Amino acid sequence: MAHETPPSVYEEIQNVINSDEPAISRLWEWCNPFMASLEYGRTAATIMLASGPDRNGIRGRCHVLLVGAEGTGKSEILDWIAEHKDNAYASGPSDSEAGLKGNFAHNPPQPGALQLAHEGVLCVEELDKFNRGDRDALYEAMGKGHYTVNKGDVRNQQYDASVRVIAAANDKSQFRDAFLDRFDFVVDVTQYDAAETEDVTLTLLENFSRGYVDDEPIDSANKLIHYLKYLSALSTPSLPDDEKKRIAEQYRKLIHDEGRTGNIRQKESYMRVAYVLAKLDNEDITVERFNQAIALIHGDSSPLTSLLLSADTDAESDTPES
């Protein structure tokens, strides 16, 4: 799938890069622009797409779990990613005999979705309906970038599966806490209220009018995909020493003043997401982005409102007095 960037899209990319507002405040709407609402889920998906790779045994890949009843828009996000991202692979519990892990009754073994999606994005539908063996392989791959098979004649065989995962499920009570901790974002997708239903319905009307009746492309530009391609050619964020000290102090406050002890994986997520936010802005990691990452991961109020407000208030309060 070729991604030649049209001049109009390049201009929009430059506008986002040069804006004083965090890029994520614009980019989440580019993640399936057919949709309305689901701000938090689309924000998490955008961060997942921009994350990675791993370096020196440290995970850079972000993972997202969307949880909620049927008909709440989870699948629309996964479907858009699977269709528009070059290295995305979609999988469901009934898609193939091999499942996520693979079928080792065949000779040669039949690869599963984890192997097929190596170094790409794995979009998993109905994760709560996969068997325990598949979920264990996914758990290992999400953390380590590979999984181990011990079945039949296959003993202690590792398979590469450096994947970014976005999964949908109806019931997260099916998962162990350790498994949920592998996800940087666990997004509870609720049923639409009246205002959201109206927003979604009017968007459907506009899409039908433009895309079906008038036969005009709705999202031929794929702006988010072009933005991510543009970022790949730029330098990666750095962490200046003074910002590292400020972030260390924020960690101390979280642990000692707010009592957020334990849950080390989540504290790793703070830095992983802060790195992605800096990458999306083509700037370095700062304590402001660290605070934005915390607000996003915890879903504080309206995440993007919190993000924008924290960008302003933190920058103001952390500026040294002359």
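The rules behind each value
Once a new chain begins, its residue numbering starts again from 1 and follows that chain's sequence as written. Whole-chain, interface and lining totals are the exception, using all residues; otherwise, since this is a predicted model, local features are given only for residues with pLDDT of at least 70 and side-chain atom pairs are given and counted only at 80 or more. Only hydrogens and water are removed before side-chain values are computed, so all heavy atoms of the structure are retained for them. Two strands form a pair only when DSSP identifies at least two bridges running between them. In this text, helices come from DSSP runs of H or I with a minimum length of four residues, and strands from runs of E with a minimum of two, each type numbered from the N-terminal end. The axes are straight lines fitted to the C-alpha atoms, using for helices just the contacting stretch, and the angles between their N-to-C directions are given from 0 to 180°. Salt-bridge detection follows one rule: a side-chain nitrogen of Lys or Arg within 4 Å of a carboxyl oxygen of Asp or Glu. Throughout, exposure labels follow a simple rule: accessible area from a 1.4 Å probe, protein chains only, divided by the maximum for the residue type, with under 20% read as buried, over 50% as exposed, and the rest as partly exposed. In this analysis, two residues are considered to be in contact whenever any of their non-hydrogen atoms come within 4.5 Å of each other.

Engineer: Tell me what's going on with the sheet that holds strand β2 (residues 88-91), and back it up with residues and numbers.
Structural biologist: Spatially, β2-β5-β8-β1-β9 is the arrangement adopted by the five strands of the open sheet, whose pairing is parallel. In this open sheet, the two edge strands, each paired with only one partner strand, are β2 and β9 (185-188). When strand polarity is set aside, the average angle formed by the axes of neighbouring strands in this sheet is 15 degrees. Across four bridges, the pairing between β2 and strand β5 (residues 121-124) is parallel. Bridge pairing links Ala-88 to Val-121 in β5.

Engineer: Give a description of the pattern of salt bridges that names residues and reports values.
Structural biologist: Two side chains with opposite charge may pair up if their charged atoms get near one another. A full pass over the atoms with the stated rule returns 15 salt bridges. A salt bridge links Glu-12 to Lys-223; the nearest nitrogen and oxygen atoms lie 3.2 Å apart. Residue Glu-12 is found in helix α1 (residues 7-18), and its partner Lys-223 is found in helix α9 (residues 223-232); the two are separated by 211 residues along the sequence. Accessibility expressed as a relative area gives 26% for Glu-12, which makes it partly exposed. Judged by its relative accessible area of 21%, Lys-223 falls in the partly exposed class. Ionic pairing is found between Glu-288 and Arg-246, a salt bridge with its closest N-O pair at 3.2 Å.

Engineer: Would you mind going over unusual backbone geometry in detail, with residue names and values included?
Structural biologist: In terms of backbone geometry, most residues other than glycine have negative phi values and most peptide bonds are trans. Cis geometry marks the peptide bond from Gly-52 to Pro-53, where omega comes out at 0 degrees. As for its placement among the helices and strands, Pro-53 is situated in the loop between α3 (39-50) and β1 (64-67).

Engineer: Now, about the environment of Gly-41: what can you tell me, with residues and values included?
Structural biologist: For Gly-41, the position within the fold is in helix α3. Taking relative accessible area as the criterion, Gly-41 reaches 4% and is therefore assigned buried. A C-alpha to C-alpha distance of 7.7 Å links Gly-41 and Val-189, two positions 148 residues apart in sequence. Those residues within four positions of Gly-41 in sequence are excluded, and the remaining contacts are Leu-66, Ile-77 and Val-187.

Engineer: Go over the pairing of strand β8 (residues 164-169) with me, naming the residues and quoting the values.
Structural biologist: Most of β8 is tucked away, with six of its six residues classed as buried. Because side chains alternate across β8, one face comprises the buried residues Arg-164, Ile-166 and Ala-168, and the other comprises Val-165, Ala-167 and Ala-169, equally buried. Relative to β8, β1 runs parallel, the two sharing four bridges. The residue of β8 that forms the bridge with Leu-65 is Ala-167. Sheet topology places β5 next to β8; four bridges connect them, and they run parallel. Directly across from Val-124, in β8, lies its bridge partner Ala-167.

Just distances and angles here, no functional claims.
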